[in-house]
Amino acid sequence: MREVAKRLNYLIEALPIRVEQFQGQDFSAKLSNKWSKKEILGHLCDSATNNHHMFVKIQFERQPFVLVPYNQNNWVLIQNYQAIPIIEIVCFWTTLNRHIVRVISEIPEDKLLYLCDIGINKSITFTELIQDYLRHMDHHLRQIFGTSDL
């Protein structure tokens, strides 16, 4: 977990600087995938919100913890990230991830082995779920900036 926390702390510091460097760029323009860069960053806020809840609940609910997917497109659409200034989205993302670092840093070692039911008769450990959160983030940061090395 230390490596995940270290990477998240780095991104928390680096992402606002990187966004500022791109200030002349239009973060609202739709990309070839489906969302604009603002919407992708908003989606990462939604991911942080949903994962934060799971990271807490997994520690006290019955095992294996059943992961419930959320409708990502509806979350992005309903929250209308396109209309929100990019700096507000960045601040929201930063705050959420700073809190996630606190949460994952406090997880007892034995709980990291808890199982999470991801459906289709497949389970992963709590550790793997947390690592996947970071992989998912890096994937979308590459969409926004062309790299996940901010």
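Structure: above.
Residues numbered from 1 in each chain as written. Predicted model: local features only at pLDDT ≥ 70, side-chain atom pairs only at ≥ 80, totals over all residues. Heavy atoms only, no water.

Caption draft 1: Spatial organisation of the sheet that holds strand S2 (residues 115-119). With respect to topology, three strands assemble into an open sheet ordered S1-S2-S3, the strand pairing being mixed. One side of each edge strand has no neighbouring strand; the edge strands of this open sheet are strand S1 (65-66) and strand S3 (122-125). Pairing between S1 and S2: two bridges, direction parallel. For Phe 65, the partnering residue across the bridge sits in S2 and is Cys 116. (Pairing = 2+ DSSP bridges. Helix = DSSP H or I, 4+ residues; strand = E, 2+ residues; numbered from the N terminus.)

Caption draft 2: Structural context of the layout of surface pockets. Taken as a whole, the largest pocket encloses approximately 400 Å³ of empty space. In terms of lining residues, the largest pocket is bounded by 15 residues, among which Asn 51, Met 54, Leu 67, Leu 129 and Asp 132 are the most central. Secondary-structure elements contributing two or more residues to the lining of the largest pocket are helix H2 (37-57) and helix H5 (126-145). Of the residues in the lining of the largest pocket, the class split is nine nonpolar, five polar and one charged. (1 Å grid on protein atoms, 1.4 Å probe; cavity = no way out; pocket = protein on both sides within 12 Å on 5 of 7 lines; lining within 4 Å. Points joined across faces, edges and corners; volume = space filled by probe spheres on them. Nonpolar A, V, L, I, M, F, W, Y, C, P; charged D, E, K, R; others polar.)

Caption draft 3: Fine view of the pattern of salt bridges. Counted under the stated rule, the structure contains four salt bridges. Note that Asp 138 is salt-bridged to Arg 7, the shortest N-O span being 2.8 Å. Highlighted residues: Asp 138 in helix H5 and Arg 7 in helix H1 (residues 2-21), separated in sequence by 131 residues. For the pair Asp 138 and Arg 7, a shared accessibility class is recorded, and that class is buried. Between Arg 135 and Asp 132 there is a salt bridge; the shortest N-O distance is 3.8 Å. On the criterion of helical spacing, the pair formed by Arg 135 and Asp 132 is a turn pair, its members being three residues apart in helix H5. Classification of Arg 135 by relative accessible area gives partly exposed; the value is 48%. Residue Asp 132 is classed as partly exposed on the basis of its relative accessible area of 37%. (Salt bridge = Lys/Arg side-chain N within 4 Å of Asp/Glu carboxyl O. Buried < 20%, exposed > 50% of the residue type's maximum accessible area, 1.4 Å probe, protein only.)

Purely geometric stuff here, so don't read any function into it on its own.
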